[in-house]
Amino acid sequence: MILDEIERAPRERLDHLQLARLRETVGRLLGAVPAGRDRLRAAGIESPGDIRSLDDLRRLPFTTK
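Each value, and the rule that gives it
Residues numbered from 1 in each chain as written. Predicted model: local features only at pLDDT ≥ 70, side-chain atom pairs only at ≥ 80, totals over all residues. Heavy atoms only, no water. Helix = DSSP H or I, 4+ residues; strand = E, 2+ residues; numbered from the N terminus. Buried < 20%, exposed > 50% of the residue type's maximum accessible area, 1.4 Å probe, protein only. Contact = heavy atoms within 4.5 Å. Areas by Shrake-Rupley, 256 points an atom, 1.4 Å probe, with all protein chains shown as cover. pLDDT = per-residue confidence, 0-100. Core = buried A, V, L, I, M, F, W, Y, C linked by side-chain atoms within 4.5 Å. Lys, Arg positive; Asp, Glu negative; His and termini not counted. Salt bridge = Lys/Arg side-chain N within 4 Å of Asp/Glu carboxyl O.

So, the overall build of the chain
Okay, step 1: Within the chain one finds three helices and zero strands.
Okay, step 2: Secondary structure of the chain in N-to-C order comes out as α-α-α.
Okay, step 3: Taking the principal axes of its C-alpha atoms as reference, the chain extends roughly 35 × 20 × 20 Å.
Okay, step 4: By residue count, 23% of the 65 residues in the chain fall in the buried class.
Okay, step 5: Here the analysis covers contacts within the chain between residues at least 6 apart in sequence; of these, 33% occur between residues at least 24 apart.
Okay, step 6: Of the roughly 5,000 Å² of accessible surface on the chain, 54% is carried by carbon and sulfur atoms.

Next comes the structure, spelled out in structure tokens:
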């Protein structure tokens, strides 16, 4: 999907794209970042499939610098 298509996409399509990308990010953290994996598991997230909707974003642990 090119940027112009994304900007004009219906809300449902944007939500789907954001959810897919969020799951990809969670998958990368679980697979390659030990500290991130530990924090996600402590929050009850064992796999990207545990993210079922964008509302699950609230469950994700965030870090601060």
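Next comes the rest of the account.
Things to note about the confidence of the model for the chain
Okay, step 1: The predicted model of the chain averages 91 in pLDDT, with 98% of residues at 70 or higher.
Okay, step 2: The secondary-structure element of the chain with the lowest mean pLDDT is helix H1 (residues 3-7), recorded at 80, while helix H2 (residues 11-32) shows the highest, at 95.

Focus: the nonpolar core
Okay, step 1: Residues Leu 19, Leu 22, Val 26, Leu 30, Leu 40, Ile 45, Ile 51 and Leu 60 constitute the largest nonpolar core, which totals eight residues.
Okay, step 2: With four residues, the top contributor of residues to this core is H2.

A closer look at the side chain of Asp 50
Okay, step 1: With respect to the helices, strands and loops of the structure, Asp 50 is situated in the segment after helix H3 (34-42).
Okay, step 2: Buried and unpaired, Asp 50 has no salt bridge, with Arg 52 as the nearest side chain of opposite charge at 4.4 Å.
Okay, step 3: Setting aside chain neighbours within four positions, we find Asp 50 in contact with Gly 44, Ile 45, Asp 56 and Arg 59.

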